[in-house]
Every structure is written in C-alpha cells, then in structure tokens.
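# Observations on the three-dimensional arrangement
Below are the chains, spelled out letter by letter.
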Protein chains: 2
Amino acid sequence: MSVESASIGSISCGEIARAVERIGRRVHQTPVLTSKTLDERCGGRLFLKCENFQRVGAFKFRGAMNAILQLSDAEKASGAITHSSGNHAQAVALAGKTTGVKTCVVMPSTAPAVKRAATEGYGAVVVECEPTLAARERTVADLIAREGYTLIHPFDDWRVIAGQGTAAWELLDQADPLDLIVVPVGGGGLLAGTALAVEAKSPRTRVIGAEPAAADDARRSLSAGTIIPSGDPLTVADGLRTSLGKRPYSIISRLVNTIATATDREILDAMRFVWERFKIVVEPSAAVPIAAIINGSIPVQNLRVGVIVSGGNIDLDPFFAGLIHKWVESNA
Amino acid sequence: MSVESASIGSISCGEIARAVERIGRRVHQTPVLTSKTLDERCGGRLFLKCENFQRVGAFKFRGAMNAILQLSDAEKASGAITHSSGNHAQAVALAGKTTGVKTCVVMPSTAPAVKRAATEGYGAVVVECEPTLAARERTVADLIAREGYTLIHPFDDWRVIAGQGTAAWELLDQADPLDLIVVPVGGGGLLAGTALAVEAKSPRTRVIGAEPAAADDARRSLSAGTIIPSGDPLTVADGLRTSLGKRPYSIISRLVNTIATATDREILDAMRFVWERFKIVVEPSAAVPIAAIINGSIPVQNLRVGVIVSGGNIDLDPFFAGLIHKWVESNA
C-alpha cells in the first residue's frame, strides 16, 4: 500500500451491503428500462438504471444520505457542509432535511440562480464564494472552523462512495446476470462505488467508466498510473468536469481497466435518442455511457450491459423557449 | 335508444375485459408514477399512467392492436387503412407490422416529414392527400374501393374504443381504489373507453375529460346534448383538435358528466412541471388533465386520482436547437 493510500484509508466491498441496509427505503429503488430499438442499434442488451428518477433527480442522493446517516449525534447537532453547484448540493440539502440535520452549501457566485433556489428550497443555507478552487476551500474551511460543520465531500469521501455503489447493487438484483456495467466518471465516486458493488456481488461483471472526450482526465490518469487533474474542460456534460478524487482513484485504479470516451456531439445525439425512445429526461452527463456504447468505444455485441443513468437535472428554459417560439411562428 | 345510436351500434362494458385478453402481452403494461411535489401542489394523490412508455409512445397502440386482431382472415389479407398524421398512424402501422397485416395511412400533404417517415418506418404505405376533410374522405374511400382495405378509424370505431379502455383497466389494477380518473379528450376514443372500463370494474370512480380551452368542443357538446364540431382550433395540444366522434359521444354522453379545460399557457406549464419533476417526456395533449387539475377546474382535494398520460411524441428539434444554441453562446 502506498503512503498516499495509507493516508486516505479505504473501505472493503462489504461496505456497499451495509450502505444498502442503512439508506434502505429512504432512497427510491429506481426502475430499469430497456428498448428494443437501442438494443438493435448497438447489438447488446442494455439495462438502463434510471437514477434520473431518484430523489433530487440524481444518484447523488444515495451518497449524501449514506454519509449523513453516519454522522455522530454531536456532528448531526453541528450540521453538515459541502461545496457543489450541482446535484450533490441538492442531495446533501434534502438528506439533511429528511434527517433533521442542518446543512450548508458553498456555491460559486457564478452558479445559476435556479440551482441556488432549488438547494435553498430543500432547506440548506447557501454561502457564495468566488468561483475559484482556492476561494471555495477557504470558505469551507472558515465555515467549518466557525460553525463546527462536518464536510460531506461530493466524491472524495468513503461514505459517499459506498452510497453511490448502492445503485449498481440494486441494478445487479434487477438485471442479473450482467457482463458489463458502464457508468459516467467525473470525480469518480459513482465509478468507485460501482466497482466495489460489483466486486462484492458479481465479480465476473466488468466495470467501465465513460467520460467526455473533452474531459478525459480519468482515462489519462489510469494510463499514467497517477491522478492527472482535468484543468477546466469545456463539455456539455457539465457534471463530469471534475478531476478524479484520491479515494475514488485508489479504488478505480485497482478494479477498473477501461475508461471510454464520447465527443460532445455524440453525447447530445445519445441524449436525444434516450429522450425520444425511452421518453425520459436525462442530463448530458447521464448520456455519456450510452454515447460511448453507440460510438463503438465500448463493444457490447451479444452482451448484457447495465448502464447507470446518473441524473435528469437539466435546465429546460432553452427547451421551452424553443418550443413556444416555434409554436407562435407556425401559428402567426 | 335514438335512431342515431341505433345506426352506429354499441358495445357493453364487458368488451374492455375481452380487449385486455385479446391484446395481452402485445402491449406494454405501462408503469404508474407518483410525485410528492405534485400531490402537495394539488392536494390530492395523483397516479400517472404512463402511456408515453407504450409502444409507438402513445395509448393509441392499444386501440389499433385491438382492432387489427379482430379483422377476419379475408380482411387481414386485404389489409387495413386509416387516416391520421398523429400517433394513430404509427399505431396502425406497427400493429400491422407485428401481426403481418399490410397497412395504408392517408396523411395530409402538410404532415411533418418526420411523422411520415416514422409511419413508413413501421412498414405502412403512406398516401398523401390535400389537407381537407373532403379530400381525406375521398382518398380513403377510393383506396378502400380499389384495394379492399378495412378502415380502422382513429376513434369512431368500437374496436378502437375498447382497446383504449384497457389503459384505465390496468390503471385500476395498479392504483385501486381511485375516486377519479381524468383523461384528455379529442375525438373521444380514450374517454369513451375509459368510461366503459370504469363502468365494468369500478363504478364508484368518476371519469372526467380534459381538453384545451381553445378546443372545448367536447364540453360544449355535452352541454348542448349533441355533437358540436370543433372547427379548426389553434392549440398547442395538437392531438386534441378533433371533433367528437358519434360512437365515443354515445358513450360519453351516457357515462361522463364533466369536461374540464385548461389554457395553452397552463398546458405548457403543466407539461414542463411533468418533465422537471417526473423526468419523463410527455406531449402537450398528455399534460392537459394535469393542467386542469392544477388550475383548479378539477377539484382533487384528498382524492385518489388516476391520470392517463396519453403520449410522449413531441418534435425535439426546437428543444435541442435551443440547448445547442445556449451552450455555444455560453462557451463563446
């Protein structure tokens, strides 16, 4: 074990079963959908685990709930803090609300007003900071020092990783046996949790990560054998811009061999395909695994393939503006 | 019995159970979804029967399949014909494809190319006609005379009405007991079938139709006690522009007391709410019942309310154009 991994600790794959027990009925057991058209298009049988139907519209609720339930009474009394402008923010806020734990979310001042409002709607205190990594870390550290909050990191946290693994655990019950499970990778919490769930429950199933070609830091990190930060990549899959965390990386580098990629064009095409054929709303990040299957980066011929559809939170403003515009025009 | 209804015949509510048997596993048993947020917003418990997940993306497949399975061998050999530029066109085409019956669909020359392509994709022969009622009826009559096709009318057909009733039949199994079932009404096939299903299976459940305020011919027809044609109304709920058919009207006028309405603004707001909160893609027509519940036209306080979400076929072009436009702009 390297010095680094010793300093961050680890969890065994048995922790996923404990997370399943712990979060129990506080999370939705989301459905698994299939489509003949998609299967014909890619040559395998795909099973879509619909975490867009999860509470707050994303798998992130699993990790947040698993973390918050493990706080000590003293920690619960002082509250939890996180930093996120995405799904994890709302996940921690709602997990806090349903367990009676106060929560604080540090968000960059550039975060969309709608995201801030949604997080506050779940009862969290939102604190703004400058949109830099340094400002965010300082703001979180200050608040922890002053208020005694406990940090629930979006992905670099063993409790969060174990919680995210419960989605694959359920999927393996719902669509057993699976040759392959493909999940999107940003910070790596979902991929690491999935790899642990598979190690515990179905060791013959392969786990593959999928990320935007424009933000392929996980692929490069696995090749290099060390974490390569992602810079500030531009991709429509905005949930996957993050660099890999140390804890997720320590699991992924041990259990995952392959990270596949898809271009933004392919991601948008796959997202549209899912909207049209499955009639479900998925966000761009959630379409990345399907894009990487359709573009051939992940061969699935004659395989049974689980896909975790990570979330469905997407700003519909431009969509409805386009619809209303078109309708007004066609009836002018 | 009036002269008119004598000339059109009738079916008993027992016909719905026979339709359920007949179409069996050829149709999807669609899921029922719920949302705490929607329930809190309207004060009742709503159960959404997701026919957007039905084959061809709409309940119309039920009626088309029930009709095509009742053709005689001679009729099957000669094929089936219908006129529609909407979901019924694809429903008849796919029902024909899966049963080996050739199909022909008469479409106005103004129908979107994508609808024509989808219908042809399911194997139907598409014949264009001028976009007038007279041209459509003449074209259909000519083709029947020449080719021996059997007509499967989109809603003024007992076999179709019975097939549409199977959605409510399933819903009553899935969400029993229900105080109320609300369905959209255009030509009236779904509403008439639903009323028959409820008469057979749950007579204490009330059935209410919902239509666009801009196309409220069903409401006016029920008030007047006779069918009032709809003219050519402008509404975003383009599946509901049709006038009531005689056969649906004969059932609806006997079993349904109330038709509620919603404005186009309310329909679009309800549609957006469903997309955002349920993460499912529904078409404007499918959002009309929910719009009429949210706007208070249908009181649901403390009631258990079934809603048939009729379909999810909507052109996503303006949606994705808006998304791509916004994304390019924000990264310019």
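Residues numbered from 1 in each chain as written. Chains lettered and ligands numbered in written order. Predicted model: local features only at pLDDT ≥ 70, side-chain atom pairs only at ≥ 80, totals over all residues.

## With respect to the overall build of chain A
Within chain A, the secondary structure is distributed over 15 helices and 10 strands. In terms of overall size, chain A behaves like a compact globule, its C-alpha atoms giving a radius of gyration of 19 Å where 332 residues would be expected to give roughly 20 Å. Taken along the three principal axes of its C-alpha coordinates, chain A extends 60 × 55 × 40 Å. Here chain A holds 332 residues, and 55% of them are scored as buried. (Helix = DSSP H or I, 4+ residues; strand = E, 2+ residues; numbered from the N terminus. Rg over C-alpha atoms; globule rule 2.2 N^0.38 Å. Buried ≥ 20, exposed ≤ 12 C-beta atoms within 10 Å, placed from the backbone.)

## Regarding the interface of chain B and chain A
The interface is formed by 26 residues belonging to chain B together with 26 residues belonging to chain A. Those elements that place two or more of their residues in the side of chain B that touches chain A are helix H13 (264-278) and helix H15 (317-330) of chain B. For the side of chain B that touches chain A, the element with the highest residue contribution is H15(B), accounting for 10 residues. Residue composition of the side of chain B that touches chain A, by class: 16 nonpolar, six polar and four charged. (Contact = placed C-beta atoms within 7 Å. Nonpolar A, V, L, I, M, F, W, Y, C, P; charged D, E, K, R; others polar.)

## Remarks on the sheet that holds strand S3 (residues 80-83) of chain A
All names here are of chain A. Spatially, four strands are ordered S5-S4-S3-S6 in an open sheet, and the strand pairing comes out parallel. The open sheet has two edge strands with one neighbour each: strand S5 (125-129) and strand S6 (150-151). Where S3 lies against strand S4 (residues 103-108), four bridges are found, and the strand directions are parallel. Directly across from alanine 80, in S4, lies its bridge partner threonine 103. Each of S3 and S4 touches helix H6 (residues 87-99); the most contacted strand, S4, lies at about 165° to it. (Pairing = 2+ DSSP bridges. Axes fitted to C-alpha atoms, helices over the stretch in contact; angles between N-to-C directions.)

## Here's the deal with the packing of helix H4 (residues 60-68) of chain B against helix H9 (residues 158-175) of chain B
Residue and element names in this part refer to chain B. In the contact formed by H4 and H9, the axes pass within 7 Å of each other and the chain directions differ by 135°. In this view, H4 runs oblique relative to H9, as classed from their interaxial angle. In terms of crossing hand, the pair formed by H4 and H9 is right-handed. Only Arg159, Val160, Ile161, Ala162, Gly163, Gln164, Thr166 and Ala167 of H9 make contact with H4, whose side of the interface consists of Arg62, Gly63, Met65, Asn66 and Ala67. Class assignment for the residues of the contact of H4 with H9 results in six nonpolar, five polar and two charged. (Parallel < 35°, antiparallel > 145°, perpendicular 65-115°, else oblique. Left-handed = near helix turned anticlockwise from the far one by under 90°.)

## Comments concerning unusual backbone geometry
Residues and elements named next belong to chain A. Backbone torsion omega between aspartate 176 and proline 177 reads -10°, so that peptide bond is classified as cis. With respect to the helices and strands, the residue proline 177 is situated in the loop between helix H9 (158-175) and strand S7 (180-184). If you check the backbone angles, lysine 279 has positive phi at about 60° while not being a glycine. Summarising the element assignment, lysine 279 is placed in the loop between helix H13 (264-278) and helix H14 (284-294).

## Brief notes about the pairing of strand S8 (residues 206-212) of chain A
Residues and elements named next belong to chain A. Among the seven residues in S8, seven count as buried, and that is most of the element. The pairing of S7 with S8 spans five bridges and is parallel. Each residue of the ladder has a partner; that of leucine 180, found in S8, is arginine 206. Regarding topology, helix H10 (residues 189-201) serves as the crossover connection from S7 to the parallel S8, and that connection is right-handed. Two strands pair when backbone bridges link them, and S8 and strand S9 (residues 258-262) are joined in this way by five bridges, in the parallel orientation. (Right-handed = clockwise from strand over helix to strand, strands pointing away.)

## As for the domain arrangement of chain A
Residue and element names in this part refer to chain A. Each assigned domain of chain A is listed here: domain 1 (3-58 + 157-317) and domain 2 (61-151). A C-alpha centroid distance of 24 Å is found between domain 1 and domain 2. With eight residues, H9 is the largest single contributor of residues to the side of domain 1 that touches domain 2. Partitioned by chemical class, the residues of the side of domain 1 that touches domain 2 number nine nonpolar, eight polar and six charged. (Domains from an automatic or database assignment.)

## Points about the relation of the copies chain B and chain A
For the pair chain B and chain A, the best superposition has an RMSD of 0.0 Å and corresponds to a rotation of 180° with a translation of 0.0 Å parallel to the axis. Here the copies are linked by what is in effect a two-fold axis. When you check the interface residues of chain B against chain A, 100% turn up at the interface there too, and the contact is symmetric in its surfaces. (Least-squares fit on C-alpha atoms with pLDDT ≥ 70 in both.)

## Section: the sheet that holds strand S6 (residues 150-151) of chain B
Residue and element names in this part refer to chain B. The four strands lie next to each other as S5-S4-S3-S6, forming an open sheet whose pairing is parallel. One side of each edge strand has no neighbouring strand; the edge strands of this open sheet are strand S5 (125-129) and S6. Of the pairings in the sheet, the one linking strand S4 (residues 103-108) to S5 comprises five bridges and is parallel in character. Note on S5: the bridge partner recorded for valine 105 is valine 126.

## Remarks on H9(B)
If you check H9(B), its first and last C-alpha atoms are 26 Å apart, about what 18 residues at 1.5 Å a residue would give, namely 26 Å. Burial of H9(B) is extensive: 16 of the 18 residues sit out of reach of the surface. (Expected span 1.5 Å × (residues − 1).)

## Observations concerning the environment of A:Ala95
Residue and element names in this part refer to chain A. Following the sequence through the fold, alanine 95 ends up in helix H6. In this structure the C-alpha to C-alpha distance between alanine 95 and alanine 192, which are 97 residues apart in sequence, comes to 21 Å. Those residues in contact with alanine 95, other than ones at most four positions away along the chain, are Phe61, Ala64, Met65 and Ile68.

## A word on the pairing of S4(A)
Residue and element names in this part refer to chain A. With five of six residues buried, S4 is to be regarded as a mostly interior element. Handedness of the β-α-β unit built from S3, H6 and S4 comes out right-handed. Viewed along the sheet, the connection from S4 through helix H7 (residues 113-121) into S5 turns out right-handed.

## Digging into H13(B)
Residue and element names in this part refer to chain B. The terminal C-alpha atoms of H13 lie 20 Å apart, and with 15 residues this matches the ideal 21 Å at 1.5 Å per residue to within 8%. Taken residue by residue, H13 has Asp264, Glu266, Ile267, Leu268, Ala270, Met271, Val274, Trp275 and Phe278 as its buried positions. After H13 finishes, the residue lysine 279 shows a positive phi value of roughly 60°.

## Here's the deal with the packing of H13(B) against helix H14 (residues 284-294) of chain B
Two packed helices can be described by the angle between their axes and the distance between those axes. Residue and element names in this part refer to chain B. The N-to-C vectors of H13 and H14 enclose an angle of 100°; their axes lie 7 Å apart at closest approach. For the element pair H13 / H14, the angle class is roughly perpendicular. Across the interface between the two elements, Glu266, Ile267, Leu268, Asp269, Ala270, Met271 and Val274 from H13 touch Pro284, Ala287, Val288, Ile290, Ala291 and Ile294 from H14. Residues belonging to the contact of H13 with H14 are distributed by class as follows: 11 nonpolar, no polar and two charged.

## A few points about the confidence of the model for chain A
All names here are of chain A. Looking at chain A as a whole, its pLDDT mean stands at 94, while 96% of the residues score no less than 70. Confidence drops under pLDDT 50 across residues 1-5; counting only partners more than four residues distant or on other chains, this segment forms four contacts. Model confidence for the complex: the whole-complex pTM is 0.93, and ipTM, which rates the interface, is 0.91. (pLDDT = per-residue confidence, 0-100.)

## Quick look at the environment of B:Ala167
Residue and element names in this part refer to chain B. On the secondary structure map, alanine 167 appears in helix H9. Remark: the alpha-carbon pair of alanine 167 and alanine 197, spanning 30 residues in sequence, is separated by 8.7 Å. Here alanine 167 is in contact with Lys49, Glu51, Phe59, Arg62 and Ile308, once residues within four sequence places are set aside.

## Focus on the environment of A:Glu51
Residues and elements named next belong to chain A. The residue glutamate 51 is located in the loop between strand S2 (45-50) and helix H4 (60-68) in this model. The spatial distance from the C-alpha of glutamate 51 to the C-alpha of alanine 135 is 32 Å, given a sequence separation of 84 residues. Ignoring anything within four residues of it in the chain, the contact list for glutamate 51 reads Thr30, Ala58, Phe59, Ala167, Ile308, Val309, Ser310 and Gly311.

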